[in-house]
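Overview (structure and organization)
Here are the chains, one letter per residue:
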Amino acid sequence: QVHLVESGGGLVQTGGSLRLSCAASGPTFRSSYPMGWFRQAPGKEREGVSCISSSGGNVVYADSVKGRFTISRDNAKNTVYLQMSSLKPDDTAVYYCATDLEYGPECRVWWTSGAGMDYWGKGTPVTVST
């Protein structure tokens, strides 16, 4: 069993910054699992934002956030972060973190769909005002 809790969301103006955190716990969780960030805006499908390998050595981003978002992890704290800068109204969404317990240490080729993720947090909302 894995429990994921996101935090750090809120209201920010266009061009501002936020840092999201995802704390993992539970007897099943291991630092050998990749972690991903996803988001879903009202009326839109879920979108993969970023994924990070177990070691943190490999990271991938959606084209829409490259150069603005940075994913990182601190395995000693069982925590994954998403540093967001230059935020736009289009970034408004509920942000979720998730983890894949079965594939391996790397992110799946189709990680963006979220289909391979086994556990999800409840999400933290981010609103970027005009």
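Use the structure listed above.
So, here is what we can say about the structure in this document. Every chain is numbered independently, its residues counted from 1 as its sequence is written. At least 70 in pLDDT is required for a residue's local features to be given in this predicted model, at least 80 for side-chain atom pairs to be given and counted, and no such filter applies to totals for whole chains, interfaces and linings, which use all residues. Remark: hydrogens and water are excluded; side-chain values derive from all non-hydrogen atoms of the structure.

1. A look at unusual backbone geometry
Defined as follows: Only DSSP runs of H or I with at least four residues qualify as helices, and only runs of E with at least two residues qualify as strands; both kinds are numbered from the N terminus onward.
Of note in the backbone geometry, Asn78 takes a positive phi value of approximately 50° without being a glycine. Note on placement: Asn78 falls in the loop between β7 (69-74) and β8 (79-84). You will see that Ser86, though not glycine, has its phi angle at about 50°, which is positive.

2. Some points on the environment of Ala115
As a reminder of what qualifies: Residue exposure (1.4 Å probe, protein chains only): buried if accessible area is under 20% of the type maximum, exposed if over 50%, otherwise partly exposed.
Its location among the elements puts Ala115 in the loop between β9 (93-99) and β10 (119-120). Judged by relative accessible area, Ala115 falls into the exposed class, the value being 68%.

3. Let's talk about the sheet that holds strand β1 (residues 3-7)
In plain terms, the rule: Two strands are said to pair when DSSP picks up at least two bridges between them. Axes here mean lines fitted to C-alpha atoms, for a helix over just the part in contact, with angles spanning 0 to 180 degrees between N-to-C directions.
Reading across the sheet, the four strands line up as β1-β3-β8-β7 and stay open at both edges, with antiparallel pairing between neighbours. The outermost strands of the open sheet, each flanked by one partner alone, are β1 and β7. In this sheet, neighbouring strand axes are inclined to one another by 15° on average, regardless of whether the strands run parallel or antiparallel.

4. Concerning the state of the cysteines
Quick note on the threshold: Sulfur atoms of two cysteines make up a disulfide when they are within 2.5 Å.
Tallied over the entire structure, the rule returns two disulfides. Two residues share a disulfide in this structure: Cys22 and Cys97, whose sulfurs sit 1.9 Å from each other. Across the S-S bond of Cys22 and Cys97 the torsion is about 55°, and the bridge reads as right-handed. With Cys22 in strand β3 (residues 18-25) and Cys97 in strand β9, the pair connects residues that are 75 residues apart, well separated along the chain. Classification of Cys97 as buried rests on a relative accessible area of 0%. One disulfide bridge connects Cys51 with Cys107, the sulfur atoms lying 2.0 Å from each other. Disulfide Cys51 to Cys107: torsion about the S-S bond roughly -95°, handedness left-handed. With a gap of 56 residues between them, Cys51 in strand β5 (residues 47-52) and Cys107 in the loop between β9 and β10 connect regions that are remote in the sequence. Sequence-ordered numbering of the disulfide-bonded cysteines in the chain gives the connectivity 1-3, 2-4.

Nothing here speaks to function; it is geometry throughout.
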